[in-house]
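# Coordinate analysis (summary)
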Amino acid sequence: MASGSCCLVKIGPSILNSDLSNLASECQRMMDAGADYLHLDVMDGHFVPNLTFGHPVVKCLRPKLPDVFFDMHMMVAKPEQWIEEMQAAGASQYTFHYEATEDPKTCIRKIKEAGMKAGIGIKPKTPVEVLDPFIDLVDMVLIMTVEPGFGGQKFMGDMMPKIAYLREHFGQIDIEVDGGVGPATIQQCADAGANMIVSGSALINSENPRETIRYMRTVVEEAIQRSQLER
Ligand SMILES: O=C(CO)[C@H](O)[C@H](O)COP(=O)(O)O
Ligand SMILES: [Fe+2]
C-alpha cells in the first residue's frame with residue numbers, strides 16, 4: 001500500500017446479484033457473515049443501462065436492518081434529485097458519480113445538509129485527478145473497477161494506479177473499490193491502498209461468505225500494516 005494510510009478496513013457486500021426476492025434475508029446473511037456495511041446499488045436506466053431499485057425499497061429494508069450502515073451507490077443521472085428521499089428512507093451515505101452532475105460541490109453540500117455522509121465516485125474512463133477539488137469535502141471516494149451497470153464483470157486491474165494516487169496524495173481518506181472484487185483480486189486492491197471493499201458476486205456466490213470476508217479483511221489489514229512499517 002502506498003504511504004500515508006492508517007484507515008480502517010471495511011467490507012461492504014453488494015447485494016446486486018443476490019436473490020432480490022429475499023433482499024432483507026440476503027442482507028442479513030451478509031451481516032451475519034461479518035460484513036461491516038452494505039453497498040446498495042441504485043440504477044436508473046439513464047446513467048447506466050440497467051435498472052435496480054430506489055428509495056421505496058430502502059425504506060422497507062431499513063426497519064429490518066436498523067443498525068446497518070447503508071452506502072447508497074447512486075448510479076443515476078441528476079443525483080441531486082434523490083437526496084431527500086434517500087435520507088428519509090434511511091440511507092447512511094449517498095455516493096454519487098462525478099460524471100452524473102454539473103455541480104458536484106452543491107450535490108455534496110445537499111447530502112451533508114440532509115445529514116448523510118457523502119461519497120463521490122468515478123467510472124473507469126474518468127481520470128482520477130478530477131476528484132482533487134472534492135476530496136476535502138467528502139467522506140469517501142469510490143474507484144470503479146468495472147463499467148457501472150452490472151454485477152459479475154471482470155475486475156479492471158489497470159484502475160489500481162488511481163487508488164494509489166489517492167492514497168499517496170490524500171492520506172487517510174476512505175477509498176472504496178467496487179467491481180469484480182473478490183479473493184482473486186483483493187491483493188491488488190489492498191496493495192494499491194483501498195480500505196473500503198465492495199464485493200458482490202464473489203461474496204453472494206461464496207460457499208462460505210464468512211471465510212471470504214475474513215480472508216479479504218486479513219489481506220487489506222496486512223497491506224495497511226506493511227505500509228505503516230514502510231513509513
Ligand atoms: O456498482 C456495481 C456495478 O455497477 C456493483 O457494486 C459491483 O459490480 C459489485 O458486483 P461485483 O462484485 O459482482 O462486480
Ligand atoms: Fe456498486
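Everything numeric in this text was worked out from a predicted model, so none of it was measured.

### Some points on the nonpolar core
- Core analysis: the largest hydrophobic core is formed by 65 residues, its most contacted members being L38, F70, M72, V141, I143 and I197.
- In terms of residues, this core owes the most to one element, helix α8 (residues 209–230), which gives six residues.
- Once residues lying within four places of it in the same chain are set aside, the contact partners of V141 are I120, L131, I135, L166, I173, D174, I175 and E176.
- Judged by nonpolar contacts, the second largest core, of seven residues, contains L142, M144, M196 and V198.

### What about the site of ligand 1?
- Every one of the 19 residues lining ligand 1 counts as a neighbour, but G149, G152, D178, G200 and S201 are closest to it.
- Within the side chain of H39, an N or O atom sits 3.3 Å from an oxygen atom of ligand 1.
- Residue G200 places a main-chain N or O atom 2.8 Å away from an oxygen atom belonging to ligand 1.
- Against a free-state accessible area of 360 Å², the protein chains account for coverage of 99% of ligand 1.

### Observations concerning the UniProt feature "active site" (unreviewed entry) in the protein
- The UniProt entry lists D41 and D178 under the feature "active site" (unreviewed entry), expressed in the numbering used here. With the annotated positions falling across 138 residues, the maximum pairwise C-alpha distance of 10.6 Å places them together in a single cluster.
- For D41, the position within the fold is in strand β2 (residues 38–43).
- Since its relative accessible area comes to 3%, D41 is described here as buried.
- Excluding anything up to four places from it in sequence, D41 contacts S14, L16, T52, F53, H73, M75 and D178.

Analysis parameters
- Residues numbered from 1 in each chain as written.
- Chains lettered and ligands numbered in written order.
- Predicted model: local features only at pLDDT ≥ 70, side-chain atom pairs only at ≥ 80, totals over all residues.
- Heavy atoms only, no water.
- Core = buried A, V, L, I, M, F, W, Y, C linked by side-chain atoms within 4.5 Å.
- Buried < 20%, exposed > 50% of the residue type's maximum accessible area, 1.4 Å probe, protein only.
- Helix = DSSP H or I, 4+ residues; strand = E, 2+ residues; numbered from the N terminus.
- Contact = heavy atoms within 4.5 Å.
- Near = heavy atom within 4 Å.
- Polar contact = N/O pair within 3.5 Å; in protein donor to acceptor, adjacent residues only side chain to side chain.
- Areas by Shrake-Rupley, 256 points an atom, 1.4 Å probe, with all protein chains shown as cover.
- UniProt positions renumbered as here; feature names shortened; annotations may be inferred.

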